[in-house]
Amino acid sequence: MTAVALKGLLGRKFRTILTGLAIVLGVAMISGTFILTDTIHKAFTNVFNVSYRHTDAIIAGKQFVANANSIPTVPPSVLTRVRALPDVAAASGSYLFDTVTLVDRQGKTIANGGAPSLGFGIDPSQARFNPITLASGHWAQGPGQVVVDTATATDKHYKVGDAIAAKGDGPVKPYTVVGLGKISGVSIGGATLAVFDVPTAASILDKHGYDNISVAAKPGVSEKRLAAEIKPLLPPTAQVRTGSQQASHDAAEVTAGSNIIKYFLLAFGAIALFVGAFVIFNTISITIAQRTRELATLRTLGASRRQVLRSVLLESFVIGLAAAVAGLFAGLGLAKGLNAMFVALGVNLPQAGTVFAGRTIIVSLVVGTLVTLAAGLFPAIRATRVPPISAVREGAVLPRSRHAHRRPYLAGIVMLLGLAVIVQGLFATSGAGSVLGLLGAGTLLLFIGVALVSSYMVRPLASLVGRPARALGGAAGRLAVANSVRNPSRTAATAAALMIGLALIAFVATLGAGLRNSVKDALGKQVKADYVLTPSSQGSEFFPAQTASALGRLRGVEVVSDIRSDRANVLGAGTAVAGIEAATIGRVYRFAWKQGSDAALSHLGSGAIVDSSYATKHRLGIGSRFTLQASNGATQWLTVAATYHPPQADPVLPKIVISRATFDRTFPRPQDSQAFVKVEGGASAARTAELKGAVAAYPDAKIQTQAAWVAAQAKSFDQALNLFYVLLALSVIVSVFGMINTLVLAVFERTRELGMLRAIGLSRRQTRRMIRHESVVTALIGAALGLPLGVLLAALVTRALGSLGIGFHLPGQQLAAFVLLAVVAGIGAAVIPARRAARLNVLHALQYE
Amino acid sequence: MSVLEQYVDAGVRPAPAPSLSVVSASNLTKRYGQGDAHVDALRSVSLEIEERRMTAVMGPSGSGKSTLMHILAGLDQPTEGTVRIAGLEISSMSDAELTRLRRRHIGFVFQFFNLLPMLTAEENIVLPLSIAGEKPDRQWVEALLETVGIADRRTHRPSELSGGQQQRVSIARALVARPTVLFADEPTGNLDSSTSKDVLALLRDSVDELGQTIVMVTHDPQAAAQADRILFLADGRIVKEIGASTAADVLEAMQEVSGR
Ligand SMILES: Nc1ncnc2c1ncn2[C@@H]1O[C@H](COP(=O)(O)OP(=O)(O)O)[C@@H](O)[C@H]1O
Ligand SMILES: [Mg+2]
């Protein structure tokens, strides 16, 4: 029996491979994701392991507020005390992995996508603590000298002796490149390096004290012991880690993002596998139906039901395992493709040797095989119901399932359950994780429910979407529409696979349209400026406070109101805080007051304006007092002066807004995140040029008209949407494999009939057209099921997000484009089957048994 | 001496025992459909099939021959009546019991051969044994291959064999498990007259040399002439029974039956 199953697969090579392809892509996505994220992780770990190779302990400032702008420095006195410890061989104060941006000859910041701009202050005499190796030139000595990384030098054509500019927390300063270096032996992706001597670094970073003190132990002293000895010497703002702790801490910090990428990509792999399961289910069902007679013969020869079940499951197992192995290796290529995609999106990741972990292999193989087995289970069970007498009956077909008549009810229940789970997730659950979980599970159920009921919808839908085929395709078109409904459950299952991808695409498009509209709306309601000053690159969030003052000095500029931002610990959680210029903010920003009025602005003092829902959540009212702890550990008492309710879709100001004076008094190194500008006579081309000229000296900032700024904010979703489309395209491709499969099997099954049609005069061209139209009709049924489903899901989700101010907006044009996409998918899927059908030898086809 | 006889003489197969009934049916009725549209394919048919003999079932098209054979072989359920094979009542058997019955007691030869296209001739022949999880007896398989005359074609697939060769493979397949009874429905229905002769001779030899019991449905007088006993069916009833006869006698009996 085993041999029968395996030889059967070999005898149907082409069909078996097509079946397997449906799973290959999903598995490739999973293995590719693991390979990519493992490789990123390894690359970062390499960077830090190499950097702290000879460091036994490292002292750094303690981070009081997660994601705050700055971390306290370590006072130089600590260095003296540490050096005096008997177990210390050497210690050096330095700046490691701080932020310094290089500025090119045109005054533009050198930034590669979201990659970090790293700044170092290093004592070259303490070579063991130095993560950088020099490739040419010498180390920076004294003010005005810098060593940059070789990659940037090559890219931007800098060589030793050239002038370059750089900026830390102060203004841009000129430097001379005196050397080129890199972190030895590891890739840093798109990151740039700027290496100074220690005092120069302190000045450009505007810091007193060190970022880090690196310590080496005397021989025989362990890392741990050294750290324990250092600990009592430290002020409360500093902490000590062993070298290896620091390496994994830094790597974890940098790769926290890659975990999100991992789960995000895995989710799309799972969707592709789900679609693949549909395809496999359908393909195996069809092959079982076509082999009814063969299975019945096996039963007459003494095969038991269990043996039939096992042999069909064995086929699924072999297909699944082979496809999983293929997918595993395809993942290697896909990881490269995904990396290229991130590079195209401006995210340059560091590289290391490809990491092919045991976990990747096991998960890929197990998941691929199990999904295929699960998809093959139902057809296998149906195969066991083939009665032996089918061996002697002409045109024997697979018996209908005993529960077939209950299917519509089952479908209804599954759909209702799906909707209930979605509604529960959207309207009665909190926590992004559980909402997404319920939403995903509910959507899955909804898809299964629609798929179950879809065979009943094939006839009406085909007569609707088959209209063009009947009108344009002549006899071939009419035959095609008739063929598409002769086996409704097959057509339905084929279309259902496409439905999933299209539904998700329509969902994303509808949600995106809603988001884009709501953001435009929200920003328009809040800001009434002519120009908006923002950070110049995606990576940076701030620009120096001087930028706004420079604009304010221009003639014709009426108001420049800048917004300071940072994070602080408030009421037990890290929270964004803004500092506003109370005197001018009212001219450029409309507060939607809940309690209080514009009057609150005129005597804000050490008062705070608090988001009303935040206030409700924390039981704050006007006059309530609370403390705020800044990143250096300093605290400040605040009194609620007013509450406001900004549009939740895109609030310009955070939940806690204080006066600029209070902000500058409380936070170390205050920086601007935005400034709003009003000019005499409103925005004009001449004015824009003038303001741009004034901002040119500040490469961190960028000025735009309010209209351009709003458009850019609304467009910022496009990149994310495109990423979604690319990843969902994978699922659509899987369903196209399913369409190819079904058609190839149909052509095979209708060999005799096709021969007859050819014999009575159907031309090759008409034969191809017939198959093509059938494919397009199937694809359009998929679109007719999927697009409304996606829009419905988006409507539900926007409903739930109503409190966030995100509305529903039907993207008509895009939906029309997706219908076109379905047609193209249908035409594409028909190429191979149509060619096979047209190539049939009429004589052989008629004799075919 | 034929290969089969040598094999039998080697004492592998027990010597023939006195004639016994291996299949017996009583009062078989089969009704298809209901109400006005119903068809009575069998009406109260009773019969005994004797061991080591070839019984032919003849009759005009639609007389119920295939229906009778399917019910005797346990492929279909009678509307009324009982069937016993090798002493076992089969109408109340579960699917698992029927499976066991097929493995041990029943062999089939089909009109359209029903060979598995991806297996070679030899693999097709030993398939019933592999399904039952038994090890093929090499000598026995070789003897069968030799007898049916496809020893030199054993590695060919069905698509590479002629119709006659395919039917001979399927006869070997039906014999390989030494079933109590072999059922053949129109085994020559899809063959030309000269290949038909070979196939019929083969079936006859298996009765004479191996003591195989065969029930064969046919409407071909030449085929029926090979049988030890011929039953005539008309309109779902056994209307006549004759012993071994020549093709001419069979034809005459047939005309008599259909002329009634
Ligand atoms: N599955 C079935 N459903 C309905 N009627 C059937 C079925 N099988 C056979 N019949 C009818 O029963 C009668 C006997 O058929 P069958 O046994 O095939 O005859 P034969 O093999 O002698 O030609 C015929 O009238 C035939 O139409
Ligand atoms: Mg018949």
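Up top is the structure these notes are about.
Residues numbered from 1 in each chain as written. Chains lettered and ligands numbered in written order. Predicted model: local features only at pLDDT ≥ 70, side-chain atom pairs only at ≥ 80, totals over all residues. Heavy atoms only, no water.

1. Observations concerning the overall build of chain B
Thinking step 1. The helix and strand inventory of chain B stands at nine helices and ten strands.
Thinking step 2. Over its C-alpha atoms chain B spans a radius of gyration of 18 Å, differing by no more than 12% from the 18 Å that the globule rule assigns to 260 residues.
Thinking step 3. Across its three principal axes, chain B shows a C-alpha extent of roughly 55 × 45 × 40 Å.
Thinking step 4. Across the 260 residues of chain B, 52% fall into the buried class.
Thinking step 5. Counting contacts in chain B only where the partners sit at least 6 residues apart, residues at least 24 apart contribute 69% of the total.
Thinking step 6. Total accessible area on chain B stands at roughly 11200 Å², and carbon and sulfur atoms take up 47% of it. (Helix = DSSP H or I, 4+ residues; strand = E, 2+ residues; numbered from the N terminus. Rg over C-alpha atoms; globule rule 2.2 N^0.38 Å. Buried < 20%, exposed > 50% of the residue type's maximum accessible area, 1.4 Å probe, protein only. Contact = heavy atoms within 4.5 Å. Areas by Shrake-Rupley, 256 points an atom, 1.4 Å probe, with all protein chains shown as cover.)

2. Here we look at the overall build of chain A
Thinking step 1. Helix and strand counts for chain A come out as 26 helices and 21 strands.
Thinking step 2. Across its three principal axes, chain A shows a C-alpha extent of roughly 95 × 70 × 50 Å.
Thinking step 3. Within chain A, counting contacts between residues at least 6 apart in sequence, those at least 24 apart form 82% of the total.
Thinking step 4. Accessible surface, chain A: about 35100 Å² in total, of which carbon and sulfur atoms supply 61%.
Thinking step 5. Computing the positive centroid from 80 side-chain charges and the negative centroid from 40, chain A places the two 17 Å apart. (Lys, Arg positive; Asp, Glu negative; His and termini not counted. Charge placed at Lys NZ, Arg CZ, Asp CG, Glu CD.)

3. Things to note about the sheet that holds strand E1 (residues 21-32) of chain B
Residues and elements named next belong to chain B.
Thinking step 1. Taking strand neighbours across the sheet as the criterion, the four strands line up as E2-E1-E4-E5 in an open arrangement whose pairing is antiparallel. Single-partner strands in this sheet number two, and they are strand E2 (39-50) and strand E5 (88-89).
Thinking step 2. By the bridge criterion, five bridges tie E1 to strand E4 (residues 80-85) in an arrangement that is antiparallel. Of the residues in E4, the one forming a bridge with Ser 24 is Arg 84.
Thinking step 3. Against the sheet, helix H2 (residues 65-72) contacts E1, E2 and E4, and its axis sits at roughly 125° relative to E1. (Pairing = 2+ DSSP bridges. Axes fitted to C-alpha atoms, helices over the stretch in contact; angles between N-to-C directions.)

4. Thoughts on the nonpolar core
Thinking step 1. By size, the foremost hydrophobic cluster in this structure holds 134 residues, and its most contacted members are Ile 781 of chain A together with Leu 28, Leu 68, Leu 72 and Phe 183 of chain B.
Thinking step 2. In terms of residues, this core owes the most to one element, helix H15 (residues 488-526) of chain A, which gives 16 residues.
Thinking step 3. In contact with Leu 68 of chain B, other than residues within four places in its own chain, are Leu 28, Leu 42, Val 45, Leu 47, Val 57 and Leu 233 of chain B.
Thinking step 4. Formed by 45 residues, the second largest nonpolar core is a distinct cluster that contains Ile 125, Trp 140, Ala 223 and Ala 234 of chain B. (Core = buried A, V, L, I, M, F, W, Y, C linked by side-chain atoms within 4.5 Å.)

5. A few points about a positive patch on the surface
Residues and elements named next belong to chain A.
Thinking step 1. The grouping of Arg 764, Arg 765, Arg 768, Arg 772, Arg 835, Arg 836 and Arg 839 at the surface amounts to a positive patch.
Thinking step 2. Secondary structure elements with two or more residues in the positive patch: helix H24 (764-800) and helix H25 (812-839).
Thinking step 3. Broken down by element, the residue count for the positive patch peaks at four residues, all from H24.
Thinking step 4. The topology assignment puts Arg 764 in helix H24.
Thinking step 5. In this structure Arg 764 comes out as partly exposed when scored by relative accessible area, which is 41%. (Patch = residues over 30% accessible without salt bridge, like charges linked within 9 Å, V, L, I, M, F, W, Y side chains within 5 Å. Salt bridge = Lys/Arg side-chain N within 4 Å of Asp/Glu carboxyl O.)

6. Some thoughts on empty space enclosed by the protein
Residue and element names in this part refer to chain A.
Thinking step 1. A full pass over the atoms with the stated rule returns three cavities of 30 Å³ or more.
Thinking step 2. Taken as a whole, the largest cavity encloses approximately 100 Å³ of empty space.
Thinking step 3. The wall of the largest cavity is formed by 13 residues, among which Leu 9, Thr 19, Thr 287, Glu 315 and Ile 319 lie closest to the centre.
Thinking step 4. Contributions of two or more residues to the lining of the largest cavity are made by helix H2 (13-51), helix H7 (243-290) and helix H9 (305-344). (1 Å grid on protein atoms, 1.4 Å probe; cavity = no way out; pocket = protein on both sides within 12 Å on 5 of 7 lines; lining within 4 Å. Points joined across faces, edges and corners; volume = space filled by probe spheres on them.)

7. Focus: a nonpolar patch on the surface
Thinking step 1. Residues Phe 317, Leu 321, Val 325, Phe 329, Phe 356, Ile 361, Ile 362, Val 366 and Leu 370 of chain A make up a contiguous nonpolar surface patch of roughly 740 Å² in combined accessible area.
Thinking step 2. Looking at Phe 329 of chain A, the relative accessible area reads 47%, which means it is partly exposed.

8. Structural notes on the pattern of salt bridges
Between side chains of opposite charge, a pair can form as their charged atoms come close.
All names here are of chain A.
Thinking step 1. Taken as a whole and assessed by the stated rule, the structure comprises 40 salt bridges over all chains.
Thinking step 2. Put simply, Glu 315 and Arg 12 hold a salt bridge, and the shortest N to O gap is 3.4 Å. Of the two residues, Glu 315 sits in helix H9 while Arg 12 sits in the loop between helix H1 (2-11) and H2, which places them 303 residues apart along the sequence.
Thinking step 3. The salt bridge involving Lys 525 is made with Asp 521; its shortest N-O contact spans 3.5 Å. Here Asp 521 and Lys 525 lie together in helix H15, a separation of four residues that amounts to about one turn.
Thinking step 4. Members of the salt-bridge network, linked through shared partners, are Asp 562, Arg 564, Glu 581, Arg 660, Asp 664 and Asp 672.

9. Brief notes about helix H10 (residues 358-384) of chain A
Residues and elements named next belong to chain A.
Thinking step 1. Given a rise of 1.5 Å per residue, 27 residues ought to cover 39 Å, and the 37 Å separating the end C-alpha atoms of H10 matches this to within 8%.
Thinking step 2. Of all the bends in H10, the greatest reaches close to 35° and is centred on Leu 377; the proline Pro 379 follows between one and four positions later.
Thinking step 3. Taken as a whole, H10 has its buried residues at Thr 360, Ser 364, Gly 368, Thr 369, Thr 372, Ala 375, Gly 376, Pro 379, Ala 380, Ala 383 and Thr 384.
Thinking step 4. Residues of H10 that are buried make contact with H2, H7, helix H8 (292-300) and H9. (Expected span 1.5 Å × (residues − 1). Bend = angle between axes of the 7 residues up to and from the residue.)

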